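Residues per chain are reported as follows:
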Amino acid sequence: MAATDGVRVAAIADTHLRKPVAGTFRTAFKELGGQADLLLLAGDLTNGGTLEEIDILGREVQDIPVPAIAVLGNHDHDEGHGDLMRSTLEGAGVRVLEGDAMALDVAGVRVGIAGVMGGSGGFPGAGTYPAVDDGNPEHQARIRRGPEDARKLRAALDALDCDVPIALMHFSPVPDTLVGEPPQIYPGLGCHQLGAAVDGGGAHLAIHGHAHSGTENGQTPGGVPVRNVAYPVLRQPYAIYHLIHGQVLRL
């Protein structure tokens with residue numbers, strides 16, 4: 001593809017890999033060459049972060065024929081094996097971001113990815129903070145880190161020098177893509193500060209998951225396209241978005 005042809009971004013989240021669904025995504029991932037220029041994985045890649053599930057995940061993403069970049073989700077940390085999951089993914093060729101960014105040349109375009117898990121925090125007019133009473137204190141702190149990760153996301157976006165900056169996270173930066181979920185749980189599904197970071201950092205696209213019953217398409221207050229790529233929303237192994245001439249088109 002020439003630079004004028006834009007960039008094709010495949011994305012998926014909430015694969016929740018575990019023994020009964022092992023192999024579900026592998027064939028589709030292996031066929032990405034020629035269909036997309038890169039793959040973004042937006043967290044909750046395993047069902048509960050167990051050692052068995054991490055092993056399954058490593059096999060699922062082995063030898064993907066395009067650059068693959070991931071962030072982890074809340075369930076990926078359930079068993080405290082986040083570091084092992086990161087090393088397993090990177091051993092399989094998948095770059096994992098956690099408050100940092102990377103840039104790469106694809107299709108003649110310099111694309112930058114800034115990634116965080118994100119967390120809760122809520123949205124004006126849709127609740128401002130959830131009660132996080134389940135789980136141990138470490139789990140509760142992790143879920144509540146939306147504002148902190150928003151600051152990291154903005155810093156990572158600001159550090160990028162690229163043509164097409166993309167924000168990758170697990171929790172939602174806007175309420176638009178939560179439509180379909182019970183409104184009372186919106187505050188636990190995302191954080192408006194993440195959306196402000198996307199706008200302030202000049203991202204061209206924001207990718208997230210987490211909201212299984214949400215909506216695919218939304219946008220930030222500043223007009224940046226947001227896509228919820230949770231597998232239960234897409235109902236396919238990934239969506240492909242064509243970023244061209246300032247537009248985001250679904251292929």
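In this text, all values refer to a predicted model and were calculated from it rather than measured experimentally.

A.B. asks: How would you sum up helix α2 (residues 51-60)? Please name residues and give values.
C.D. replies: Among the residues of α2, those classed as buried are E53, I54, I56, L57, G58 and E60. Taken together, the buried residues of α2 touch α1 (26-30) and α3 (82-91).

A.B. asks: A description of the pairing of strand β10 (residues 225-228) should follow, citing residues and the corresponding values.
C.D. replies: The alternating pattern of β10 places P225 and R227 and V226 and N228 on opposite faces, both of which are buried. By the bridge criterion, three bridges tie strand β8 (residues 205-208) to β10 in an arrangement that is parallel. In the sheet register, H208 faces β10, and the bridge partner there is N228. The pairing of strand β9 (residues 217-219) with β10 spans three bridges and is classified as antiparallel. By the bridge assignment for β10, N217 is matched with R227. In this structure, the hairpin formed by β9 and β10 is closed by a connection of five residues, where G223 is found at a positive phi of approximately 95°.

A.B. asks: Provide a residue-level description of the nonpolar core, including the pertinent values.
C.D. replies: In globular proteins that are soluble, nonpolar side chains generally tend to be buried together. F29, L40, I113, I166 and I207 are the most contacted members of the largest nonpolar core, which has 54 residues in total. Not counting residues within four places of it along the chain, the set of residues in contact with L40 comprises V9, A10, A11, I12, I69, I113, I166, L168 and I207. With 20 residues, the next largest nonpolar core counts A114, L157, F171 and A197 among its residues.

A.B. asks: How would you explain unusual backbone geometry if you had to name every residue and give the values?
C.D. replies: With a phi angle near 80°, H210 is a residue other than glycine that sits in the positive phi range. When you line up the elements, H210 lands in the loop between β8 and β9. In this structure, R235 takes a positive phi of about 60° despite not being glycine. With respect to the helices and strands, R235 occurs in the loop between α8 (231-234) and β11 (239-244).

A.B. asks: An account of α3 is requested, with residue identities and associated values reported.
C.D. replies: All of the buried residues along α3 are G82, M85 and L89. End-on, the buried residues of α3 take up no more than an arc of 60°, which puts them together on one face. Away from its buried face, by an angle of more than 90 degrees, α3 presents the exposed residues D83 and G91. Buried residues belonging to α3 abut α2 and β4 (94-96). Looking at the residues trailing α3, positive phi occurs at G93, about 95°.

A.B. asks: I'd like a rundown of the packing of aromatic side chains, residues and numbers included.
C.D. replies: For the structure shown, the criterion picks out three aromatic pairs. Taken together, a centroid distance of 6.0 Å and an interplanar angle of 25° make the contact between F25 and F29 stacked. Side by side, F25 and F29 carry an identical accessibility label, which is buried. For the pair F29 and Y238, a centre-to-centre distance of 6.4 Å together with 20° between the ring planes defines the contact as stacked.

A.B. asks: Hey, could you go over the pattern of salt bridges for me, with residue numbers and the actual values?
C.D. replies: The tally for this structure, following the rule as stated, stands at 10 salt bridges. For the salt bridge of D37 with R8, the shortest nitrogen-to-oxygen distance reads 3.2 Å. With D37 in the loop between α1 and β2 (38-42) and R8 in strand β1 (residues 7-12), the pair connects residues that are 29 residues apart, well separated along the chain. Residue D37 shares its accessibility class with R8, and that shared class is buried. Its salt-bridge partner being K152, residue E148 comes within 3.3 Å of it at the nearest N-O pair. Taken together, the positions of E148 and K152, both in helix α5 (residues 146-159) and four residues apart, correspond to about one turn of that helix. Classification of K152 as partly exposed rests on a relative accessible area of 35%. Within the structure, one salt-bridge network assembled from shared partners comprises R86, E90 and E98.

A.B. asks: Describe the sheet that holds strand β6 (residues 109-115), listing the residues and the values that go with them.
C.D. replies: Spatial ordering of the open sheet is given by β5-β6-β7-β8-β10-β9, a layout of six strands whose pairing is mixed. Both edges of this open sheet fall to β5 (100-106) and β9, since each of them pairs with a single strand only. With direction set aside, neighbouring strand axes in the sheet form an average angle of 25°.

A.B. asks: Talk me through the side chain of N74; I want residue IDs and the actual numbers.
C.D. replies: Tracing the sequence through the fold places N74 in the loop between β3 (68-71) and α3. You can call N74 buried: its relative accessible area is 5%. Side chain to side chain, N74 and H170 meet in a polar contact 3.1 Å long.

How each quantity is defined
- Residues numbered from 1 in each chain as written.
- Predicted model: local features only at pLDDT ≥ 70, side-chain atom pairs only at ≥ 80, totals over all residues.
- Heavy atoms only, no water.
- Buried < 20%, exposed > 50% of the residue type's maximum accessible area, 1.4 Å probe, protein only.
- Helix = DSSP H or I, 4+ residues; strand = E, 2+ residues; numbered from the N terminus.
- Contact = heavy atoms within 4.5 Å.
- Pairing = 2+ DSSP bridges.
- Core = buried A, V, L, I, M, F, W, Y, C linked by side-chain atoms within 4.5 Å.
- Arc of directions from axis to C-beta.
- Phe/Tyr/Trp six-rings, centres within 6.5 Å; stacked < 30°, edge-to-face > 60°.
- Salt bridge = Lys/Arg side-chain N within 4 Å of Asp/Glu carboxyl O.
- Axes fitted to C-alpha atoms, helices over the stretch in contact; angles between N-to-C directions.
- Polar contact = N/O pair within 3.5 Å; in protein donor to acceptor, adjacent residues only side chain to side chain.

Treat this as a map of the structure, not an account of what it does.
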